[in-house]
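Residue-level structural notes
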Amino acid sequence: MSITPIGQPCPKITTASLHEKKLRHEPITCLTAYDYPSARLVDEAGIDVILVGDSLAQVMLGYESTLPVTVDEMLHHTRAVRRAVKRALLVADMPYGSYHVDEKEALRNAARMVKEGGAEAVKIEGGEKRAELIRRVIEAEIPVAGHIGLTPQSVNVMGGYKVQGKSLSAIEQLMRDAVALDKAGVACLYLEGIPREVAAMITAEVETPTIGIGAGPECDGQVLVFHDLLGLTFGPPAKFVRRYADVAAVITGAVQAYREDVVAGRYPSDGESYHLPRETQAALETIVDRKRAMRR
Ligand code: KIV
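One structure accompanies this document, and this report is about it.

Cut-offs used in this document
- Positions within a chain are numbered from 1, following the residues in the order the chain's sequence is written.
- For this predicted model, a pLDDT threshold of at least 70 governs which residues receive local features, and a threshold of 80 or more governs which side-chain atom pairs are given and counted, while totals over whole chains, interfaces and linings are taken from all residues.
- The side-chain values count all of the structure's non-hydrogen atoms but skip hydrogen atoms and water molecules.
- Any two strands with at least two DSSP-identified bridges between them are counted as paired.
- Secondary structure counts use DSSP, requiring at least four H or I residues in a row for a helix and at least two E residues in a row for a strand, with both numbered from the N terminus.
- With axes taken as lines fitted to C-alpha atoms, and helix axes fitted only over the stretch in contact, angles between N-to-C directions fall between 0 and 180 degrees.
- A pair of Phe, Tyr and Trp rings is counted when the ring centres sit within 6.5 Å of each other, with Trp represented by its six-membered ring. The angle between the planes then sorts it: under 30 degrees is stacked, over 60 is edge-to-face, the rest tilted.
- Counting as a charge over the ring demands two things of the Lys NZ or Arg CZ atom: a distance within 6 Å of the ring centre and an angle within 35 degrees of the ring normal.
- One heavy atom suffices: a residue is near a molecule or strand as soon as one of its heavy atoms comes within 4 Å of it.
- Polar contacts, as counted here, are pairs of nitrogen or oxygen atoms within 3.5 Å of one another; within protein the pair requires one atom able to donate a hydrogen and one able to accept it, and residues that are adjacent in sequence qualify only if both atoms are side-chain atoms.
- Shrake-Rupley sampling with a 1.4 Å probe provides the accessible areas, and residues are treated as covered by the protein chains on show and by no other component.
- Surface patches are defined over residues having more than 30% relative accessible area and no salt bridge, joining like charges when they lie within 9 Å and nonpolar side chains (Val, Leu, Ile, Met, Phe, Trp, Tyr) when within 5 Å.
- Throughout this description, the term salt bridge denotes a Lys or Arg side-chain nitrogen within 4 Å of a carboxyl oxygen of Asp or Glu.
- By definition, residues are in contact when any of their heavy atoms lie within 4.5 Å.
- For the exposure calls, accessible area comes from a 1.4 Å probe over protein chains only, and a residue counts as buried if that area is under 20% of its type's maximum, exposed if over 50%, partly exposed in between.
- The directions considered for the arc run from the helix axis to the C-beta atoms.

Re the sheet that holds strand β8 (residues 221-224)
- One closed barrel holds the eight strands; their spatial order is β1-β2-β3-β4-β5-β6-β7-β8, and the pairing between them is parallel. Pairwise comparison of adjacent strand axes, ignoring direction, gives a mean angle of 25 degrees for this sheet.

As structure tokens, this is what we get:
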């Protein structure tokens, strides 16, 4: 076991590092990743937290919402990400239905995320009403990331993907949710789709680091969906998305160029082809010539 000397920067991000960052007012960076290549790139770029979000249901699997994705599908993606990630803290989402039936099943599913997926924490949506369950999962030695505000697994109850916490009573409930999860001991708290002012109040109130998405700049950290940041999604982006690249255009251009080269006979070139050794080539030509001569 290696112990990082006091005062040395810790190369591996842990749940403790997130708390230290909050205390030092150092912004926490988080991105989703769902497969090996994207997770490697994100990890090597120095992002602190990699979230295998259940948003993969929409982004990777083409579902309308996050609701259909299963524990086994989440595990499949989490394992691929695990193989890539060396430094970042790896958080995996508990998908809809995996913690809603009973506590035993929730604990079993959370443990699978750690044991089979290699996650270092699981994320569970919901506030006050999930605090007791979250406490039990933490007691089972599994760090938990909370997630409140616009929780996509509640889309049918919310009646769509709507910004939450706009009325005074909704703000009070969000504060109660945040405080309950903080007391339960969450490793961090995702704040999604809430007014900046409310996210700032929550961030000041709770000890746990907050990580915002559509929750303004006062959160202790920020998260975006990898594909949103890259411009690799279909349809108009949400207001909070900043597109740092147009990767869809890059991919389309490359695929079209490849297609045109194949159709025009420009691909593959001789330089992109394998060749026989000279002697084998000569021997082969002799055999072919002999066969031709015999046929005449
Ligand atoms: O699934 C996801 O990607 C998420 C983040 C947006 C927080 O839950």
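Things to note about the packing of aromatic side chains
- Under the criterion given, the structure shown has one aromatic pair.
- Seen from their ring centres, tyrosine 258 and tyrosine 267 are 5.9 Å apart, and the 65 degrees between their planes marks the pair as edge-to-face.
- When the ring centre of tyrosine 190 is taken as origin, the NZ or CZ atom of lysine 123, which lies over that ring, is 5.6 Å away.

What about the site of the ligand?
- Within the structure, the ligand sits among Thr32, Leu51, Gly53, Asp54, Ser55, Asp93, Lys123, His147, Tyr190, Ile213 and Val225.
- One of the side-chain N or O atoms of lysine 123 is found 2.8 Å from an oxygen atom in the ligand.
- Taking 260 Å² as the accessible area of the ligand by itself, protein coverage stands at 96%.

Looking at a nonpolar patch on the surface
- Among the surface-exposed residues, Tyr258, Val262 and Tyr267 lie close enough to one another that they form a single nonpolar patch of about 300 Å² accessible area.
- Relative to the assigned elements, tyrosine 267 resides in the loop between α11 (247-263) and α12 (278-295).

Concerning the environment of alanine 57
- With respect to the helices and strands, alanine 57 occurs in helix α3 (residues 56-59).
- Along the sequence, alanine 57 and glycine 265 sit 208 residues apart, while their C-alpha atoms lie 39 Å from each other.
- In this structure, alanine 57 is in contact with Gly62, Tyr63, Ser65, Thr66 and Val69, ignoring residues within four places of it in sequence.

Considerations on unusual backbone geometry
- At the junction of tyrosine 267 and proline 268, the peptide bond is cis and its omega measures out at 0 degrees in the coordinates.
- Of note, proline 268 is situated in the loop between α11 and α12.
- Backbone geometry at histidine 25 places phi at a positive 55 degrees, although glycine is not the residue there.
- Classification of histidine 25 by relative accessible area gives exposed; the value is 72%.

Quick look at helix α6 (residues 131-139)
- Of the positions making up α6, those classed as buried are Ala131, Leu133, Ile134 and Val137. An end-on view of α6 places all buried positions within 160 degrees of arc, on one side of the element.
- Contact partners of the buried residues in α6: α5 (103-115), β4 (121-125), β5 (144-149) and α8 (168-184).
- Two residues or fewer past α6, glutamate 141 is found with a positive phi of approximately 70 degrees.

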